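Residues per chain are reported as follows:
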Amino acid sequence: MKEGWILFLPLIIPGAMVPIMAQSQGYQTESKAPAAQSTAKPADSGNGEQIFKQNCARCHDAPQSFSPRISGTVIRHMRVRASLSVSDERQILKFLNP
Amino acid sequence: MLLCALSIVPAKQAAAQDTPLISGGVGFLTSTNGGSTTYLPIVTPLLAAPLGNHILIESRATIVDSFSPKGGGQTGYRSDLFLGLSYLQADFIASKHLTFVAGEFLTPFATYNERLSPIWIGNYGDGPLIAGIGTMGTASSVGGMLRGSLFSKPNVSLDYTAYFSAASTNQQFSADRSSGSRANVYFPKARLELGTSYGRLLQGAHESFEGAHVWWEPASTSLRIRSEYAHGPHSSGYWIEADYRLSRFHNGESFAGRFEPVLRMQQTFRTQPDAGDGLPSANTQRSDFGLDYRLPHEVRINSSYSREFSSTGNRNIWEAGIVYRFLFPAWRDK
């Protein structure tokens, strides 16, 4: 399929935005990431809540309550739907099911 | 097939956190368009069942009965019942960067179809005018899809989706032969998401569709801004939606704190006639003023007034509805 390369077009603009935005917001990925990780221990559940807000709550409200028996299923569904990373998946699961 | 899949879920999983779930929404919606009122009782159940550590079977159905005036001088209402699957897919989580999806899935173009179409999520009773661009007619595809997170850092994440759909004339799994892709980049600190989509119809006229979206939630506010642009061979358009949660100023449990004003602006452009793309036949501008109210126990009341301007005639659209969201295990604990 000669037109197959066009399928990769959507990657170009978001991909190009990564360094531009990172620079414009003064992000220093190398130096800041470890700092965030160093505070991860006491704020583990807080991270999960934040990641939930950033990923799941972008589209919908959190459910008011649900059985802990389905928390793993909820997260797996969200991992596929929202393309969560493994790390985000774990932290949200910990937040929902501490 | 789904029942067979459920029957082989290991018993030990049922006792863990991986019990299959039933979720979705039940609603009663009304729409008064140009003086004609339509009533829509609707149920959209979703079933998600994990198999082992890497597979998820999920499906969403739609059951809706539309009661609308008979017209033509006749009194009374006619009823149109629709039962169908929105998707039935198997997800295989192959690695931390790749999930393979097979079956019938929602066509991944822009944001509305996959993320905002469930009745318990959308702020309005109806979708945006451009929802038909890029979703290949049925909004569902039959084939395979690759998706996942390319990388995720505290400052930025990038995810992707690419799919191929075969042509299917099966009544329950109808789809056009098509392919497409989408990529999103998200900046958590700015709460800004940018994305682009591409779709290609691989049968008939072999048409291309392009889309872009920007979502932004300004930090430390309850404001949420979503926008989407889509372009097809015969039409194009955009929508911008902003909602604001009064819970920020009032307790979320208070009377005032449960209100959520919503505003959506839409515009479509018609370049060539096409009855199949779902967009208005003439250039159209529309403003939707909504007010949602969140009751306890996952119940929400939606109401909106829309004013539409078009060369085919201006009109008012009033919508109201009540939606209940449910989420529970597929079976009781022993």
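Participant: How do you make sense of the overall build of chain B when you look at a structure like this?
Facilitator: Secondary structure assignment for chain B yields three helices and 16 strands. Relative to the 2.2 N^0.38 estimate, which gives 20 Å for 334 residues, the radius of gyration of chain B is 21 Å and therefore close to what a compact globule would have. With respect to the three principal axes, the spread of C-alpha positions in chain B is 60 × 55 × 50 Å. Considering chain B as a whole, with its 334 residues, one finds that 40% of them fall into the buried category. The contacts of chain B with a sequence gap of at least 6 include a subset with a gap of at least 24, amounting to 53%.

Participant: Would you mind showing me how to read the packing of helix H4 (residues 71-82) of chain A against helix H5 (residues 86-96) of chain A here?
Facilitator: When two helices pack together, you describe them by how their axes are tilted relative to each other and by the distance separating the axes. All names here are of chain A. Running from N to C, H4 and H5 cross one another at 145 degrees; their axes reach a closest spacing of 10 Å. Crossing hand, H4 versus H5: right-handed. Across the interface between the two elements, Ser71, Gly72, Ile75 and Arg79 from H4 touch Glu89, Ile92, Leu93 and Leu96 from H5. Counted by class, the contact of H4 with H5 contains four nonpolar, two polar and two charged residues.

Participant: Got a minute to help me understand the environment of Pro63 of chain A in this structure?
Facilitator: The residue Pro63 of chain A is located in the loop between helix H3 (44-55) and H4 in this model. The residues contacting Pro63 of chain A, other than those within four sequence positions of it, are Glu298 and Leu327 of chain B.

Participant: Looking at this structure, I do not really get the environment of Ser65 of chain A. What am I missing?
Facilitator: Residue and element names in this part refer to chain A. Position of Ser65 relative to the elements: it lies in the loop between H3 and H4. You can call Ser65 exposed: it has 9 C-beta atoms within 10 Å. Put simply, Ser65 and Ser85 are 20 residues apart on the chain and 24 Å apart in space, counted from C-alpha to C-alpha.

Participant: How do you make sense of the pairing of strand S16 (residues 315-329) of chain B when you look at a structure like this?
Facilitator: Residue and element names in this part refer to chain B. Direction of pairing for strand S1 (residues 21-33) relative to S16: antiparallel, over a ladder of 13 bridges. Note that in S16 the partner of Leu29 across the bridge is Gly321. Sheet analysis places strand S15 (residues 299-310) next to S16, joined by 10 bridges and oriented antiparallel. Directly across from Tyr305, in S16, lies its bridge partner Trp318. Following S15, the chain reverses through four residues before pairing antiparallel with S16; Gly313 in that reversal takes a positive phi of roughly 135 degrees.

Participant: I keep staring at the nonpolar core and nothing clicks. Help me out?
Facilitator: Nonpolar side chains in soluble globular proteins tend to be buried together. Counting residues in hydrophobic clusters, the biggest one holds 18 residues, and the most contacted among them are Val74, Met78 and Ile92 of chain A together with Ala48 of chain B. At the level of secondary structure, the elements contributing two or more residues to this core comprise H4 and H5 of chain A together with strand S2 (36-51) and strand S3 (55-71) of chain B. Examining the composition of this core, we find that five residues originate from one element, H4 of chain A, more than from any other. Setting aside its immediate chain neighbours within four residues, Ala48 of chain B contacts Thr73 and His77 of chain A together with Pro20, Leu21, Leu56 and Glu58 of chain B. Formed by 14 residues, the second largest nonpolar core is a distinct cluster that contains Leu116, Tyr238, Trp239 and Leu279 of chain B.

Participant: Looking at this structure, how should I read the confidence of the model for chain B?
Facilitator: Residues shown with low pLDDT carry predicted positions that ought not to be read at fine detail. Residue and element names in this part refer to chain B. Confidence in the prediction for chain B averages 90 pLDDT; 95% of positions are at 70 or higher. Segment residues 1-15 is flagged for pLDDT under 50; beyond a separation of four residues in sequence, or across chains, it makes 16 contacts in the model. Model confidence for the complex is summarised by a pTM of 0.84, with the ipTM given as 0.86.

Participant: Looking at this structure, how should I read the pairing of strand S5 (residues 98-106) of chain B?
Facilitator: Moving residue by residue along a regular strand, the side chains alternate between the two faces of the sheet. All names here are of chain B. The pairing of strand S4 (residues 74-95) with S5 spans seven bridges and is classified as antiparallel. Paired with Asp91 across the two strands is Val101, which belongs to S5. Joining the antiparallel neighbours S4 and S5 is a turn of two residues. With eight bridges joining them, S5 and strand S6 (residues 140-152) adopt antiparallel strand pairing. Within the sheet, the bridge partner assigned to Gly103 lies in S6 and is Gly143.

Reading the values: the criteria
- Residues numbered from 1 in each chain as written.
- Chains lettered and ligands numbered in written order.
- Predicted model: local features only at pLDDT ≥ 70, side-chain atom pairs only at ≥ 80, totals over all residues.
- Helix = DSSP H or I, 4+ residues; strand = E, 2+ residues; numbered from the N terminus.
- Rg over C-alpha atoms; globule rule 2.2 N^0.38 Å.
- Buried ≥ 20, exposed ≤ 12 C-beta atoms within 10 Å, placed from the backbone.
- Contact = placed C-beta atoms within 7 Å.
- Axes fitted to C-alpha atoms, helices over the stretch in contact; angles between N-to-C directions.
- Left-handed = near helix turned anticlockwise from the far one by under 90°.
- Nonpolar A, V, L, I, M, F, W, Y, C, P; charged D, E, K, R; others polar.
- Pairing = 2+ DSSP bridges.
- Core = buried A, V, L, I, M, F, W, Y, C linked by C-beta atoms within 7 Å.
- pLDDT = per-residue confidence, 0-100.

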